[in-house]
Amino acid sequence: MSDPLKIAYSPCPNDTFVFHAWAHGTVPDAPALDVTFADIDITNGMAERGEYDVLKVSYAVLPWVLDEYALLPCGGALGRGCGPLVLTREPGAAADLTGKRVAVPSERSTAYLLFRLWAAAEVPGGVGEVVVLPFDEIMPAVRDGKVDAGLVIHEARFTYQNYGLHCLADMGEHWEATTGLPIPLGAIIAKRSLGADRLRELAAAARASVERAWNDPAASRAYVLEHAQEMDPAVADQHIGLYVNTFTADLGTDGYAAVRALLGRAADEGLVPPLAPEALDFP
């Protein structure tokens, strides 16, 4: 028997929901996994250093890692109505951010690319300083006036009102209005050195794990809540409902088009290196 594959994904409900069956050995013929939990900014760095066999990363990091890793056509997170939000202490207009300080969770994230594409279109003269903070520190920083605005992700879209904050703009709404495509958020990648047959096996295992999660949602419940960082169960359910969808089972034509559009537009703005035409091809 071969050694388990080293995989890292986040403790967020969508990832634990998707990978529960595979990680617990209930997907027939799937390779065994050695699981590490890490937030996506950590897994992005792991991918850039080539540290794990399989990783959940931001689509935004793909231009730096696709020489070594292949994008799997399933297991990731795309969607509609689930984009990052720009929050402020007071209601305002996009132009109010000109020259202001904005906190973001990472500069190697889809959220950041969507924000920069939105700002290029909506903020005359551009924002001022970009401050990178852990995502759970962003809303307190906005509330306390340490920054003028914050870019938030994950469950923050359900909880920002608890901090007395206002949604200035929804990056997902802007993206969908300008492209008509879903929002590419998190990708599953695997080392090309595993070989084409192994990569296809991994894709099949990821897809089967998604299907098992949908067929028996209760099976993953304890696993999801164990790692959900004291998240309210109802919020965890909302999180799964937004980020686990048909694109998780198969990127499909619209999914691949969304990824190409995001990375192509970002490359045009000088935010990421341009992708080779075949970079996203799956064996």
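Thresholds applied
- Residues numbered from 1 in each chain as written.
- Predicted model: local features only at pLDDT ≥ 70, side-chain atom pairs only at ≥ 80, totals over all residues.
- Heavy atoms only, no water.
- Helix = DSSP H or I, 4+ residues; strand = E, 2+ residues; numbered from the N terminus.
- Contact = heavy atoms within 4.5 Å.
- Buried < 20%, exposed > 50% of the residue type's maximum accessible area, 1.4 Å probe, protein only.
- Axes fitted to C-alpha atoms, helices over the stretch in contact; angles between N-to-C directions.
- Parallel < 35°, antiparallel > 145°, perpendicular 65-115°, else oblique.
- Left-handed = near helix turned anticlockwise from the far one by under 90°.
- Nonpolar A, V, L, I, M, F, W, Y, C, P; charged D, E, K, R; others polar.
- Pairing = 2+ DSSP bridges.
- Right-handed = clockwise from strand over helix to strand, strands pointing away.
- Salt bridge = Lys/Arg side-chain N within 4 Å of Asp/Glu carboxyl O.
- Core = buried A, V, L, I, M, F, W, Y, C linked by side-chain atoms within 4.5 Å.

Participant: Looking at this structure, I do not really get the environment of isoleucine 138. What am I missing?
Facilitator: Looking at where isoleucine 138 falls in the secondary structure, it is placed in helix H5 (residues 135-143). Here the alpha-carbon distance between isoleucine 138 and serine 220, two residues 82 residues apart in the chain, equals 30 Å. Those residues in contact with isoleucine 138 that lie beyond four places of it in its chain are Ala103, Val104, Pro105, Leu133, Gly150, Leu151 and Val152.

Participant: So what exactly am I meant to see when it comes to unusual backbone geometry here?
Facilitator: A negative phi angle is the norm for most residues apart from glycine, just as the trans form is the norm for most peptide bonds. Residue aspartate 29 is not a glycine yet carries a positive backbone phi of 65°. On the secondary structure map, aspartate 29 appears in the loop between helix H1 (13-23) and strand E2 (33-37).

Participant: Help me understand H1, please; the structure alone is not making it clear to me.
Facilitator: Residues that lie three or four places apart on an α-helix share one face, since the helix turns once every 3.6 residues. Among the eleven residues of H1, ten are classified as buried, and the element is accordingly described as predominantly covered. The set of residues buried in H1 consists of Pro13, Asn14, Asp15, Thr16, Phe17, Val18, Phe19, His20, Ala21 and Trp22. Of the residues one or two after H1, glycine 25 is the one with positive phi, at around 75°.

Participant: How do you make sense of the packing of helix H4 (residues 110-122) against helix H12 (residues 252-268) when you look at a structure like this?
Facilitator: Pairs of packed helices are described in terms of their axes, by the angle between the two and the distance that separates them. Where H4 meets H12, the axes come as close as 10 Å, and the angle between the chain directions of the two elements is 60°. Taken together, H4 and H12 sit at an angle that is classed as oblique. Taken as a pair, H4 and H12 cross one another with a handedness that is left-handed. Seen from H4, the contacting residues are Thr110, Leu113, Leu114 and Leu117; seen from H12, they are Leu262, Leu263, Arg265 and Ala266. Looking at the contact of H4 with H12 residue by residue, the classes come out as six nonpolar, one polar and one charged.

Participant: Looking at this structure, I do not really get the pairing of E2. What am I missing?
Facilitator: Side-chain direction in a regular strand flips from residue to residue, so the side chains alternate between the two faces of the sheet. Pairing analysis gives five bridges linking strand E1 (residues 5-9) to E2, with the strands arranged parallel. Note that in E2 the partner of alanine 8 across the bridge is threonine 36. With respect to chirality, the unit in which E1 leads through H1 into the neighbouring parallel E2 is right-handed.

Participant: In this structure, what is going on with the pattern of salt bridges? I would like to understand it.
Facilitator: Taken as a whole and judged by the stated rule, the model has twelve salt bridges. Aspartate 15 is the salt-bridge partner of lysine 56, the closest N and O atoms lying 2.4 Å from each other. Taken as a pair, lysine 56 in strand E3 (residues 54-58) and aspartate 15 in helix H1 lie far apart in primary sequence, 41 residues in all. Aspartate 237 is the salt-bridge partner of arginine 221, the closest N and O atoms lying 2.4 Å from each other.

Participant: Help me understand the sheet that holds strand E9 (residues 149-152) in this model?
Facilitator: Either a parallel or an antiparallel arrangement is found when strands of a sheet pair, and the pairing is made through backbone hydrogen bonds. The strand order E8-E7-E9-E6-E10 describes an open sheet built from five strands, whose pairing is mixed. Strands with a single pairing partner mark the edges of an open sheet, and in this sheet they are strand E8 (130-132) and strand E10 (166-170). Ignoring which end each strand starts from, the neighbouring axes of this sheet average 30° apart. With three bridges connecting them, strand E6 (residues 85-88) and E9 associate as antiparallel partners. Its bridge partner lying in E9, valine 86 is registered against leucine 151. H5 rests against E6, strand E7 (102-104) and E9 of the sheet, and its axis sits at about 160° to E9. The strands that helix H7 (residues 171-179) touches are E6, E9 and E10; relative to E10, the one it contacts most, it runs at about 25°.

Participant: Teacher, can you tell me more about the side chain of serine 220 here?
Facilitator: If you trace the backbone, serine 220 turns up in the loop between helix H8 (196-215) and helix H9 (221-226). According to the relative accessible area criterion, serine 220 is buried, its value standing at 2%. Not counting residues up to four positions away in its chain, the partners in contact with serine 220 are Phe17 and His20.

Participant: Which parts of the structure should I look at to understand the nonpolar core?
Facilitator: Note on soluble globular proteins: their nonpolar side chains tend to be buried together. Of all hydrophobic cores here, the largest spans 59 residues; its most connected members are Leu55, Tyr59, Leu62, Val86, Leu97, Phe115 and Trp118. No other element matches H4, which puts eight residues into this core. Not counting residues within four places of it along the chain, the set of residues in contact with leucine 97 comprises Val86, Val102, Trp118, Val123, Gly126, Val127, Gly128, Ala149 and Leu168. One finds Val18, Leu33, Cys74 and Ala206 within the second-largest nonpolar core, a separate group that totals 28 residues.

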